[in-house]
Amino acid sequence: MLQPLRETCRRLLQDGTVQVVIGYGQAVRAVEPYPVFITAPDDVGQLVWNEQCRTNLVKYLLRKEIRALGKPAIVVKGCDERALVVLQQELQIDRSQIVVIGVACDGMDEPRCEVCDAHQPRFADHIIGHATNEMQPAERRYAHLGEFLERPLPDRMAYWKAELERCVKCYACRQACPLCYCERCIVEKNRPACLDTSATLKGNFAWHIVRAFHLAGRCVGCDQCSRVCPEGIDLRLLNLSMAREAEASFGHRSGTDPQAELVLGSFSQQDQEQFIR
Amino acid sequence: MRPMTNIYQPDLMEVLDVQQQTADVKSVRVRFRDEARGDDFHFRVGQFGMFSLFGYGESTFNICSSSNWKDFVEFCFRRTGRVTEALWSLEKNDTIGFRGPYGNSYPMDKWVGKNLIFLGGGIAMPPLRCAIWYALENRDQFGDITIVYGARRVQDLVFRQELDRWAEYDRVRVVCCVDPGGETPDWTGEVGFVPAVTERAQIPAENAVALVIGPPVMIKFTLPVLAKMGLADRDIYTSLENRMKCGVGKCGRCNCGPVYVCKEGPVFTLEQLKSLPNDY
Amino acid sequence: MSQIISKPAIRRLVELWLRQGKRVIAPVQVRPNLVSYQPVRGPDQVLLEGFVRPLNSIKQVVFPRHEQLFQYRVRGKQIDLLPAPLPDIERIVLAARPCDAAALPILDHVFNWEFRDAAYNRRRELTTVVTLACTEYDAHCFCTSVGSRPDDTRGSDALLLDLGDGTLEVRHTTDKGQSLFAGQTQASTRTAPISPGPERRADLRRVSQSLEQAFERSEWAAWTNRCLGCGACAFGCPTCHCFDMVDEGGPTCGARVRNWDACQFGQFTLHASGHNPRGVQSQRQRQRIYHKFHVYPKKFGELLCTGCGNCTRNCPVSLGVLPVLEAMQAEGA
């Protein structure tokens, strides 16, 4: 798959369709692949593709330093691609100004890969490869989360207290998340200061709960938050719980249907309002 | 320096007086609630302090009173953000916090015998004002004093009454200007931007030093005028602003290249500034 | 003649220290693939082998990620300030890596630069650091490129070296180390081999000179483009010490606190006027490199880096100081 990927990218750069390719590179085998930004056709040899390509590159479409490089082509896996769909629905990107290169993926050995139903990208302009792993059925989707949520509430609270105690407020979760794109995050505002920015238990709970709320109905389950956390906090459980709720209550699975309406960005006469009597 | 003290804990200050200078600028006089501390306290003009409102935070302001004035410390601020918005409601007898004095100062001792040229724009008057008063109070030590100060409009001039008083001193020339369109019908000062007005003023540069403070665009266009006048880079001074938090060289925020503005600044010569990277 | 101690004996010491009311911080297996320094509740949590180095550092012991500076109370026009009490609990860091311990004397410079940080100094006094020499390293370690080594004793009060059979050699470094292990060790003729450490990739003590010329280079963007602007590198770093000061609470009572901060955050140098001298990520990355390899050595004679590699390990995209410096040097800087 590497050759067709490189060739596609070389052509796109050579004929001026794009000015930059956002893909994966890897200098040494011992270090995981990392994002590269190829601007010269001859540099496509830097692109790699293997079972360690875990970063969701979609975030870079929103970084002003990368936007400055020109019209992009971006390498996405099926899971990453869902973020593209949401960003387009939220009017943060102009899909027509991006060339999407979808790469079939048989798994990156991460928890979401076990329950993945997006091995084959669906919305790309170019598709490289064909996934051999089976799509997982819908019931499996929230399997890990379901197991966790079966634990009694006091257990879960104790779990989060122990986990969030370690949070140092590095905001890697926010910076890696393709759907966190506020110019000025709520923790950066001080009139008023809504949350304690301190890395205390109170401040940490506040931050992660608020962020989960802000991702309600939007989180696509790319799991970057869990992957990048330097303290190993399994933040995907929090954010996925809101995704599960959105699916249960509104039949909405973010990033899977470009034509679907945003669950918190739209109103329908048919919306259930049983809590209003 | 107080031994074994919490260097981050401010002194409590009592507000003596608040003056509204412009629509969004106020000046405040404060004195130490602890008299003994007040008696001990001294600073040099050009230094700054961290002024706080408990519950809101701290802000960095130049100490704009003369170091000869022993009864109070004065600062001046524009209503811009969270802390200054809260400072806006200060009244007599209120309490604020103060940490300082920090930073380096204008080398008034090096300037003895020199002609002094003060150039400033808008909210940059306060850091000039302390040096001007100091010079006037030690009049014999200095040569001719020229002050060129401008603002966008007449109502944006800060410490306006003092400008008139300064002009009454011996061998002091005050040139006040407003931007074209900012004058009122009864305005008798100059009309034009500070750089142009400075050039027109034909200030003799021999044996002179200049202190230039103002927004980056004003500085950018004033420096060539000063060069044309014949002032050397080492005789042109300015006071840099940078975002600060601790004020004591630890929090790592205010450095401009290898220089910590809170410890080795904020006063720099143009010669020093030119050796610094474009990091401010 | 050397002094040795068994690993079970070390764990009995941990039990003793905990009973004495001391705080013990050691490498702990937090998750299957995550070892980090944590306060331990019992001796079994302490890891004495089987890891390269923890993903965090020990700076939190002397420079906590959150600290109250003082409390304030407002009653009408009356304001009272209550300074935070100076720390008084003894701390023992056990099995710290030499690249973590070496950071402490480096940090001493800035926290005592004219104004002395009393709480930091008190914690330094109260802390005894027992280091564990490295026997292995990974692709991110580069201590040997900053003038350090797997058995460096800077900042260490006692150095433990694994003899490979359940015992450790103890090399005392300071009085504090002596008082901790007095009477607890046995004499021996065995001495532990010293690992040579990672191959030296460059002498980064000399990079200050090339940095002097490199500030305006346009390649900073290319070298650092993938940086996402989080604080993972800074917070995992043994020597990064930038902090924020903020009032927490309300208008009637609360505290002024100090929290870790990072020069990589977009708002770090944002002025109230809206001007930001480092508004672009490459400028912020450049600042990090300069602070560590140019500014700090110029001021205090030492690099603000011990070559531990945590920046790259913790970085979501494997950036960190070594990749940036190597990119710079590859392009003839």
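Conventions used here
Residues numbered from 1 in each chain as written. Chains lettered and ligands numbered in written order. Predicted model: local features only at pLDDT ≥ 70, side-chain atom pairs only at ≥ 80, totals over all residues. Helix = DSSP H or I, 4+ residues; strand = E, 2+ residues; numbered from the N terminus. Buried ≥ 20, exposed ≤ 12 C-beta atoms within 10 Å, placed from the backbone. Contact = placed C-beta atoms within 7 Å. Pairing = 2+ DSSP bridges. Nonpolar A, V, L, I, M, F, W, Y, C, P; charged D, E, K, R; others polar. Domains from an automatic or database assignment. Core = buried A, V, L, I, M, F, W, Y, C linked by C-beta atoms within 7 Å. Arc of directions from axis to C-beta. Axes fitted to C-alpha atoms, helices over the stretch in contact; angles between N-to-C directions.

**Q** Can you walk me through the overall build of chain B in this structure?
**A** When helices and strands are tallied, chain B shows eight helices and 15 strands. Overall, chain B is about 50 × 45 × 35 Å in size when its C-alpha atoms are taken along their principal axes. Counting every position in chain B, which comprises 280 residues, the buried fraction comes to 51%. Pairs at least 24 apart in sequence give 69% of the contacts found in chain B among residues at least 6 apart.

**Q** How do you make sense of the pairing of strand β1 (residues 2-6) of chain C when you look at a structure like this?
**A** Working note: regular strand, side chains alternate between the two faces of the sheet. All names here are of chain C. The pairing of β1 with strand β10 (residues 186-188) spans three bridges and is classified as antiparallel. The residue bridging Ser2 from the neighbouring strand is Ser188, located in β10. Looking at chain direction, β1 and strand β9 (residues 167-172) are connected through four bridges and run antiparallel. Across the sheet, the residue bridging to Ile5 is Leu168, located in β9.

**Q** Could you clarify how one ought to interpret the interface of chain C and chain A in this entry?
**A** Interfaces are often sized by the amount of accessible area the parts lose when they come together. Contacts between chain C and chain A engage 30 residues on the former and 26 residues on the latter. Looking at the side of chain C that touches chain A, the elements that each hand over two or more residues are β2 (23-31), α9 (232-236), β11 (243-249), β12 (253-260) and α10 (281-300) of chain C. Of the residues in the side of chain C that touches chain A, the class split is 15 nonpolar, 11 polar and four charged.

**Q** I keep staring at the domain arrangement of chain B and nothing clicks. Help me out?
**A** All names here are of chain B. Taken domain by domain, chain B consists of domain 1 (11-102) and domain 2 (115-239). Each of domain 1 and domain 2 has a C-alpha centre, and these two points are 24 Å apart. Among the secondary structure elements, those contributing two or more residues to the side of domain 1 that touches domain 2 are β1 (11-22) and β5 (73-78).

**Q** Where do I start with the nonpolar core in this structure?
**A** Ile74 of chain A together with Ala131 and Ala210 of chain B are the most contacted members of the largest nonpolar core, which has 245 residues in total. Sorting elements by how many residues they give to this core places helix α3 (residues 125-137) of chain B first, with eight residues. Aside from chain neighbours lying at most four places away, what touches Ile74 of chain A is Ile22, Leu57, Val58, Leu61, Ile98, Val100 and Ile101 of chain A.

**Q** What is the right way to read helix α4 (residues 103-111) of chain C from this model?
**A** Two residues of an α-helix separated by three or four positions point the same way, owing to the 3.6 residues in each turn. All names here are of chain C. Within α4 the residues assigned to the buried category are Ala103, Leu104, Ile106, Leu107, Val110 and Phe111. Mapping the buried residues of α4 onto a view down its axis gives an arc of 155°, with all of them on the same face. At its buried positions, α4 is contacted by α2 (59-62), α3 (98-101), α5 (118-126) and β7 (127-132).

**Q** Explain the environment of Ile22 of chain A to me, please; I cannot follow it from the model alone.
**A** Residues and elements named next belong to chain A. With respect to the helices and strands, the residue Ile22 is situated in strand β1 (residues 20-25). Look at Ile22 and you get buried, because 27 C-beta atoms sit within 10 Å. Expressed as a C-alpha distance, the spacing of Ile22 and Ser96, which sit 74 residues apart in the sequence, is 16 Å. Sequence-distant contacts of Ile22, defined by excluding residues within four places in its chain, comprise Pro35, Phe37, Leu57, Tyr60, Ile66, Pro72, Ile74 and Val75.

**Q** Sorry if this is basic, but what is going on with the pairing of β1 of chain A here?
**A** All names here are of chain A. The buried fraction of β1 amounts to five of the six residues, a majority that puts the element mostly inside the structure. With five bridges joining them, β1 and strand β2 (residues 34-38) adopt antiparallel strand pairing. What sits directly across from Tyr24, in β2, is Pro35.

**Q** How should I be thinking about the sheet that holds β12 of chain C in this particular structure?
**A** Strand pairing in a sheet is mediated by backbone hydrogen bonds. Such pairs are either parallel or antiparallel. All names here are of chain C. Pairing within the open sheet is antiparallel, and its four strands lie in the order β5-β4-β12-β11. With partners counted over all chains shown, the strands left at the sheet margins are β5 (78-83) and β11, one partner each. Taking the axes of each pair of neighbouring strands and ignoring which way they run, one obtains an average angle of 20° across the sheet. Here β11 pairs with β12 via seven bridges, running antiparallel. Residue pairing in the sheet places Phe243 in a bridge with Trp260 of β12.

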